[in-house]
Amino acid sequence: MSMVKQSIDVDVPLHTAYDQWTQFEEFPHFMEGVDEVRQTDDRRTHWRTSMAGVEREFDAEIVDQLPDERVSWRTTGGEVQQIGTVTFQRLDETHTRVNLAMDFQPEGVAERAADVLGMVDRRVKGDLSRFKTFIEDRGRATGAWRGRISPN
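What this report covers is the structure whose coordinates are included nearby. Fair warning: this is a prediction, and the values are worked out from it, not measured in the lab.

1. Overview of the overall build of the protein
Counting its secondary structure elements, the protein contains 3 helices and 7 strands. Secondary structure elements of the protein occur, N-terminal to C-terminal, as β-α-β-β-β-β-β-β-α-α. The C-alpha atoms of the protein give 15 Å as radius of gyration, which agrees with the globular expectation for 152 residues (15 Å, within 12%). Over its C-alpha atoms, taken along the principal directions, the protein stretches across nearly 45 × 30 × 25 Å. Looking at the protein residue by residue over its 152 residues, the buried ones come to 42%. The contacts in the protein between residues at least 6 apart in sequence include a share of 53% that link residues at least 24 apart. When the accessible area of the protein is evaluated, it comes to approximately 7,900 Å², of which 47% is carbon and sulfur surface. With 20 positive and 28 negative side-chain charges, the protein shows a spacing of 2 Å between the two charge centroids.

What follows is the structure, given as structure tokens:
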């Protein structure tokens, strides 16, 4: 497994950053290579992605979600193996730090090469930068889900 860790400070209140992150179907607007995310229920999502010309589909499950603190997930089926957590840290009334940590298993020659060359780290950094632009330009979240999902 390979590990990616990135952080970014966004100029919105904590609840706004968190609320936007819960809107998984909006991810294609700021995540490069994410073509579609469908939320099938409170815990489950289905993803279609493309990276280095390789298309993948997989399912993911939210394993821990605590409003205004964290969202943790793991893949449960398909062609991708990953686990991750995004946390939200209040810096002040109008600023939030978003921290993302993800373990993933690169599959195939192209994905292993992309990992070795640091392309995955750069993609995640770019995704967080686009998230910052997306939420700051809007100034509010496109929706919110504030339910609690506890680890099994």
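2. As for the side chain of T75
Topologically, T75 is positioned in strand β5 (residues 70-78). Within the local environment of T75, its side chain forms a polar contact with the backbone oxygen of V80, the two atoms lying 3.0 Å apart.

3. Quick notes on unusual backbone geometry
Although it is not a glycine, D68 adopts a positive phi angle of roughly 65°. With respect to the element layout, D68 can be found in the loop between β4 (54-66) and β5.

4. Considering the sheet that holds strand β3 (residues 44-51)
Pairing is antiparallel across the open sheet formed by 7 strands, whose spatial order is β1-β7-β6-β5-β4-β3-β2. The sheet terminates laterally at β1 (2-10) and β2 (34-39), the two strands that pair on one side only. Each neighbouring strand pair of the sheet contributes to a mean axis angle of 20°, computed without reference to strand direction. Here helix α3 (residues 119-138) sits on the sheet and contacts β1, β3 and β7 (95-105); the angle it forms with β1, its principal contact strand, is near 25°.

5. Some remarks on the pattern of salt bridges
Tallying each qualifying case throughout the model produces 17 salt bridges. Among the ionic pairs, R56 bridges to E79, the shortest N-O distance being 3.9 Å. Note that R56 is positioned in strand β4 and E79 in the loop between β5 and β6 (81-92), a separation of 23 residues in sequence. You can call E79 partly exposed: its relative accessible area is 40%. Linking D64 and R148 is a salt bridge whose minimum nitrogen-to-oxygen distance equals 2.6 Å. Of the two residues, D64 is situated in strand β4 and R148 in the segment after α3; the sequence distance between them amounts to 84 residues.

6. Let's talk about the packing of aromatic side chains
A ring pair, where both rings are aromatic, is described by two values, the distance of the centres and the angle of the planes. Evaluation of the coordinates by the stated rule reveals 11 aromatic pairs. Between W21 and F30, the ring centres sit 6.2 Å apart and the planes meet at 45°, which makes this aromatic pair tilted. Ring geometry for F27 against F30: centres 5.4 Å apart, planes inclined by 55°, an arrangement best described as tilted. Every member of this aromatic cluster is reached through a ring pair, and the members are Y18, W21, F24, F27, F30, W47, F58, F88, F131 and F134.

Parameters and conventions
Residues numbered from 1 in each chain as written. Predicted model: local features only at pLDDT ≥ 70, side-chain atom pairs only at ≥ 80, totals over all residues. Heavy atoms only, no water. Helix = DSSP H or I, 4+ residues; strand = E, 2+ residues; numbered from the N terminus. Rg over C-alpha atoms; globule rule 2.2 N^0.38 Å. Buried < 20%, exposed > 50% of the residue type's maximum accessible area, 1.4 Å probe, protein only. Contact = heavy atoms within 4.5 Å. Areas by Shrake-Rupley, 256 points an atom, 1.4 Å probe, with all protein chains shown as cover. Lys, Arg positive; Asp, Glu negative; His and termini not counted. Charge placed at Lys NZ, Arg CZ, Asp CG, Glu CD. Polar contact = N/O pair within 3.5 Å; in protein donor to acceptor, adjacent residues only side chain to side chain. Pairing = 2+ DSSP bridges. Axes fitted to C-alpha atoms, helices over the stretch in contact; angles between N-to-C directions. Salt bridge = Lys/Arg side-chain N within 4 Å of Asp/Glu carboxyl O. Phe/Tyr/Trp six-rings, centres within 6.5 Å; stacked < 30°, edge-to-face > 60°.

Everything listed is a geometric property; what it means functionally is a separate question.
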